[in-house]
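Chain and residue survey
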There are 2 protein chains.
Amino acid sequence: MEQIILDGKQVSKKVRESLKEKVTDLKAKGIIPCLATILVGDDPSSETYVKMKGNACEKVGIKSIRLHLPKETTTETLIETIENLNHDSSVHGILLQHPVPSHIDERAAFESIAIEKDVDGVTSAGYGQTALGFGKYPSCTPAAIMKIIDDYDIPVDGKHAVVVGRSPILGKPVSALLLNRNATVTTCHSHTTNLPEIVKQADIVIAAVGKPKFIQGDWIKKGAVILDAGYNKGNIGDIDYEACLENASAITPVPGGVGPVTISMLLKHTVEAAALTE
Amino acid sequence: MEQIILDGKQVSKKVRESLKEKVTDLKAKGIIPCLATILVGDDPSSETYVKMKGNACEKVGIKSIRLHLPKETTTETLIETIENLNHDSSVHGILLQHPVPSHIDERAAFESIAIEKDVDGVTSAGYGQTALGFGKYPSCTPAAIMKIIDDYDIPVDGKHAVVVGRSPILGKPVSALLLNRNATVTTCHSHTTNLPEIVKQADIVIAAVGKPKFIQGDWIKKGAVILDAGYNKGNIGDIDYEACLENASAITPVPGGVGPVTISMLLKHTVEAAALTE
């Protein structure tokens, strides 16, 4: 069976090229799209992620404002910082890098982001709009998964999608997006008792569990499409790639699959938010 | 196999008795819980529903304000009416009876309800909070389903729940509530291709499709729990009751199942909203 390798780098490249043009148009109208990123503390991988996002902005012409707050920052100070950005008309998108230090009420901080600047899709209000079908900025990884599906013309309507994971920015919103596109959706998680059996029914498998090589080759139905949103230490996804490849009809690699498209969705949402201020 | 008939009237009665006490307490503190209902137009069954809800309020001591707007009402006027209620501190809950006449943008009207008064659980913000696990007032029918499940100690954790239907106030939020209680949840709908097979896997079946006797007896796994949120003409639910009874371990009748508890959840949310103004 010949597999299609879903090339996230290629999908991402096309998105970023089209964004460059849009940014040029906006700048001609005097609008400079701008994403503010907030990093709290010194977690090295969070630092890397924020840097990657900021750099990606600049490559397509989006201005990047990078706030780095000390790890002692209180919830109140963080929320104040976010509210200042909410009121700053030169900022179109706000990204608070997850996770924040454990003494901070991360949910309260996320909720303080104005919905029109929630380009990372972390607020409950944004989630609600996405799930009810009229959200502007779904969380970026779910948006990336849908973008890959669309670019490769993968049929969703009437298909059985099995999502493994239920986090607020991944498993839950990707389940909602697939449901809104007329998939039958099963959402699985750590309390699911017969996971292999359930995954075996999937026409579309979404791996969003955060455990390296968790999803096994013999769980995959012949012809299934697999999108792996996992990104674990050592560039390893949530699926056992080599083993899963065998039965898949299409599959994302890690790295080079969902990851790069995720950042492109962040850029896309930021440009869209800027365009709405025209 | 002996079936438990899940007696919604009994569940409802207990809720309402406890609400009467809470209302008495609140009144002693000078707070009169108050629900405002809005009916637009002259649809006879909507009129009946609104009347039932208003009367149920009064029976437990909740004040009921009943606004009846003509069928020509515009979206703007309806939203203005809602905003006045949002600002009226004597009103604790607002219910806009669905459906409104077709020329009105119902979603815009729902969205204009202040989240702290959205006791019927219709706003996307309320939905988002419910789905992410910290919502105060889920939609009333999903809340009723969970209340019956809890009152009868039906295990949910690790069970496979199959929800048939995906409406914004029923199928989607009940899927979210069950997922948050650690069920594995499959949400099905009109585009689901192999519905009988999927329902056959369910430990818990939620019928929320709005088609009389839609779910057949031979779709039910032996020992499944069935909650029927359907209410079709002639007091007929969404399941073929007699046929489904055979394999079920527990089942809601129609009428007398989910229905009465739904109204009790509306009353409960209104009293809770009033208590928060203490």
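The residue count restarts for each chain, going from 1 along the sequence in the order it is written. Naming scheme: in the order in which they are written, chains are lettered from A and ligands are numbered from 1. Residue-level local features of this predicted model are given only where pLDDT is at least 70; pairs of side-chain atoms are given and counted only at 80 or more, and the full residue set underlies all totals for whole chains, interfaces and linings. Each side-chain value is derived from all of the structure's non-hydrogen atoms; neither hydrogens nor water enter the calculation.

Focus on the UniProt feature "domain: Tetrahydrofolate dehydrogenase/cyclohydrolase NAD(P)-binding" (unreviewed entry) in chain A
Applicable threshold: UniProt positions are given in the numbering used here, feature names are shortened, and annotations may be inferred rather than shown by experiment. The helix and strand labels rest on DSSP assignments: H or I over at least four residues marks a helix, E over at least two residues marks a strand, and numbering proceeds from the N terminus.
Within this structure's numbering, the places UniProt gives as "domain: Tetrahydrofolate dehydrogenase/cyclohydrolase NAD(P)-binding" (unreviewed entry) are residues 139-275 of chain A. Split by type, residues 139-275 of chain A is 36% helix and 15% strand. Its first and last C-alpha atoms lie 19 Å apart.

What about the domain arrangement of chain A?
Using the following cut-off: How far each domain reaches was decided by an automatic or database domain assignment.
Domain boundaries in chain A define domain 1 (30-116) and domain 2 (140-258). For domain 1 of chain A versus domain 2 of chain A, the distance between C-alpha centres works out to 28 Å.

Considering the pattern of salt bridges
To keep it simple, the criterion reads: We count a salt bridge whenever a side-chain nitrogen from Lys or Arg sits within 4 Å of a carboxyl oxygen from Asp or Glu. Residue burial is assigned from relative accessible area. The probe radius is 1.4 Å, only protein chains are included, and a residue is buried under 20% of its type maximum, exposed over 50%, and partly exposed in between.
Inspection of every chain in the model, using the stated rule, returns 18 salt bridges over all chains. A salt bridge links Glu-58 of chain A to Arg-66 of chain A; its shortest N-O distance comes to 3.3 Å. Judged by its relative accessible area of 44%, Glu-58 of chain A falls in the partly exposed class. The class for Arg-66 of chain A is partly exposed, based on a relative accessible area of 36%. Notably, a salt bridge pairs Lys-221 of chain B with Asp-203 of chain B, separated by 2.8 Å at the nearest N-O pair. Of the two residues, Lys-221 of chain B is situated in the loop between strand S7 (204-207) and strand S8 (225-228) and Asp-203 of chain B in the loop between helix H8 (195-199) and S7; the sequence distance between them amounts to 18 residues. The exposure class assigned to Asp-203 of chain B is partly exposed, which follows from its relative accessible area of 22%. Taken together, the shared-partner salt bridges in this structure form one network comprising Lys-14, Lys-147 and Asp-151 of chain A.

Some points on the pairing of strand S5 (residues 160-164) of chain B
Residue and element names in this part refer to chain B. Here is the rule we go by: Whether two strands pair comes down to DSSP finding at least two bridges between them. Classification remark: right-handed applies to a crossover when, strands pointing away from the viewer, the course from the first strand over the helix to the second runs clockwise.
Most of S5 is tucked away: five of the five residues are buried. By the alternation rule, side chains of S5 split into His-160, Val-162 and Val-164 and Ala-161 and Val-163, which are all buried. The sheet contact formed by S5 and strand S6 (residues 184-188) spans five bridges and is parallel. Bridging across to S6, Val-164 finds its partner in Cys-188. Once you follow S5 into helix H7 (residues 171-180) and on to S6, the crossover reads as right-handed.

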